[in-house]
Amino acid sequence: MTSVEDRARLVLGNWKMHGSLAENAALLQALRAADPAAHCEIGVCVPFPYLAQTAEALQGSAVSWGAQDVSAHAKGAYTGEVSAAMLQEFGCRWALAGHSERRSLHGETDQVVADKASAALQAGLTPVVCVGESLAEREGGDTLGVIERQLEPILALGADALSRMVLAYEPVWAIGTGRTATPEQAQEVHGAIRVALRGLGAGQVRVLYGGSVKAANAASLFAMTDIDGALVGGASLVAEEFLRIAAI
C-alpha cells in the first residue's frame, strides 16, 4: 500500500482567464525567485497567449508551467483548439483536463475529458484531470456517485496511463465561491478516489484538492492522509499567498 510519504506534495496555480503581460511579469519574477520547500513541487497553468512569456520567465527555475486545457485532437480543422504537441513545444509539463468550468460552460463529457488526458500523455505532458460535484449533487447525497462516473473513462485507461497523471478533486460549489469543503469532506472523496486507484495498482497517483484554497486553510487540508496538494485558483495570482501555500 502506498503511503502519503511516497507522494511528494504538488501545488499548482490556475490563473484562469486573468493576466496581462505587465501583471504577469511581476508575478513570474516573484515566482522565479521562490525557493520551494523540498517536499513540495510548484507549477502554474496559464492562458495560452502567455505560455511563451511564462516559459521564458521560469526557464531554469524551480517552478514548472502548463496550460489550462488541451485538445483531444493531434491536428486538423479544429479552429481555436490547441494540441498537446503545441503545448509541448512551449515546455509545458502540465495540462488541465476537465476543469468544472470546461465541463459546465463548454459541455465537455467524461469521455472527452479522458480523450484529452490521453492526448496529453501521448505528447509527454502530465494531464491534471479534474472531477467534482455540484451543490445539488452533494445535497442529494450523490457526491461519490458523480466522482465514480467522472472517473470511469479515466480509470479505464489503465494503471500505466494513470501513473503518469495527476487527479484533482474540485467540488464545484467551492470554486470561486469562498466556500471550501471541510478537510473531512475533502478527505472522504480523496479516500474513495485512492481506493479506486489502489484497486488498479496506481495508489501512488497524486490527488489534489481545489476549491477556494488559500494559506489560511491549506494546512488543515494538507494534513489529511489522501490530499497530496492543491490546485489553487485566485490565490495563485498573488505570489506571496501562493508561495505561502506551497511552503506549508
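Residues numbered from 1 in each chain as written. Predicted model: local features only at pLDDT ≥ 70, side-chain atom pairs only at ≥ 80, totals over all residues. Heavy atoms only, no water.

1. Things to note about the overall build of the protein
Helices and strands together make up the secondary structure of the protein, namely eleven helices and eight strands. Here the C-alpha atoms of the protein give a radius of gyration of 17 Å, agreeing with the 18 Å that 2.2 N^0.38 yields for 248 residues. Counting only C-alpha atoms, the protein reaches 45 × 45 × 35 Å along its principal axes. Per-residue burial for the protein yields a buried fraction of 54% across its 248 residues. Surface exposure of the protein reaches about 10,900 Å², of which carbon and sulfur atoms provide 54%. Each charge class in the protein was averaged separately, 18 positive and 27 negative side chains, and the resulting centres sit 2 Å apart. (Helix = DSSP H or I, 4+ residues; strand = E, 2+ residues; numbered from the N terminus. Rg over C-alpha atoms; globule rule 2.2 N^0.38 Å. Buried < 20%, exposed > 50% of the residue type's maximum accessible area, 1.4 Å probe, protein only. Areas by Shrake-Rupley, 256 points an atom, 1.4 Å probe, with all protein chains shown as cover. Lys, Arg positive; Asp, Glu negative; His and termini not counted. Charge placed at Lys NZ, Arg CZ, Asp CG, Glu CD.)

2. What to know about the UniProt feature "binding site: substrate" (unreviewed entry) in the protein
The UniProt record annotates "binding site: substrate" (unreviewed entry) at N14, W15, K16, G176, S212, G233 and G234. Of the residues just listed, which span 221 residues, no C-alpha pair is farther apart than 13.2 Å, and they cluster in one region. Looking at the element boundaries, S212 is found in the loop between strand 7 (207-210) and helix 10 (215-222). Of the residues examined, S212 reaches a relative accessible area of 18% and is grouped as buried. Contacts of S212, omitting those with residues within four sequence positions, involve A174, G176, T177, G178, R179, T180 and N217. With respect to the secondary-structure elements, G234 resides in the loop between strand 8 (229-232) and helix 11 (239-247). Given the relative accessible area of 53%, G234 is considered exposed. (UniProt positions renumbered as here; feature names shortened; annotations may be inferred. Contact = heavy atoms within 4.5 Å.)

3. Observations concerning the nonpolar core
Counting residues in each nonpolar core, the largest one holds 65 residues, and the members touching the most others are L87, I154, L167, I193, L197, Y209 and I245. Setting aside residues no more than four positions away along its own chain, L167 makes contact with V129, L151, I154, I193, L197, V205, R206, V207 and L208. Listed in part, the eleven residues of the second largest apolar core include C45, L96, C130 and V166. (Core = buried A, V, L, I, M, F, W, Y, C linked by side-chain atoms within 4.5 Å.)

4. Quick look at the packing of helix 7 (residues 143-155) against helix 9 (residues 183-199)
As a packed pair, helix 7 and helix 9 sit with axes 11 Å apart at the nearest point and diverge in direction by 35°. Crossing of helix 7 over helix 9 shows right-handed handedness. On the side of helix 7, the interface is formed by T143, L144, I147, L151 and L155, while helix 9 contributes E188, V189, A192, I193, A196 and L197. Partitioning the contact of helix 7 with helix 9 into residue classes produces nine nonpolar, one polar and one charged. (Axes fitted to C-alpha atoms, helices over the stretch in contact; angles between N-to-C directions. Left-handed = near helix turned anticlockwise from the far one by under 90°. Nonpolar A, V, L, I, M, F, W, Y, C, P; charged D, E, K, R; others polar.)

5. Considerations on the pairing of strand 1 (residues 9-14)
Burial within strand 1 is extensive, with six of its six residues counted as buried. Both faces of strand 1 are covered, namely the face carrying R9, V11 and G13 and the face carrying L10, L12 and N14. Across six bridges, strand 1 lies against strand 2 (residues 40-46) in parallel orientation. Bridged to L10 within strand 2 is E41. Handedness of the crossover joining strand 1 and strand 2 through helix 1 (residues 21-32): right-handed. For strand 1 and strand 8, the ladder comprises four bridges, and the chain directions are parallel. Bridge assignment links L10 to a residue of strand 8, and that residue is G229. (Pairing = 2+ DSSP bridges. Right-handed = clockwise from strand over helix to strand, strands pointing away.)

6. A look at the environment of E101
Assignment of secondary structure puts E101 in helix 4 (residues 100-106). What makes E101 partly exposed here is its relative accessible area of 29%. Counting along the chain gives 85 residues from E101 to A186, while the straight-line C-alpha distance between them is 19 Å. Not counting residues within four places of it along the chain, the set of residues in contact with E101 comprises K16, H106 and I175. Looking at E101, its side chain comes within polar contact range of the side chain of K16, at 2.9 Å. (Polar contact = N/O pair within 3.5 Å; in protein donor to acceptor, adjacent residues only side chain to side chain.)

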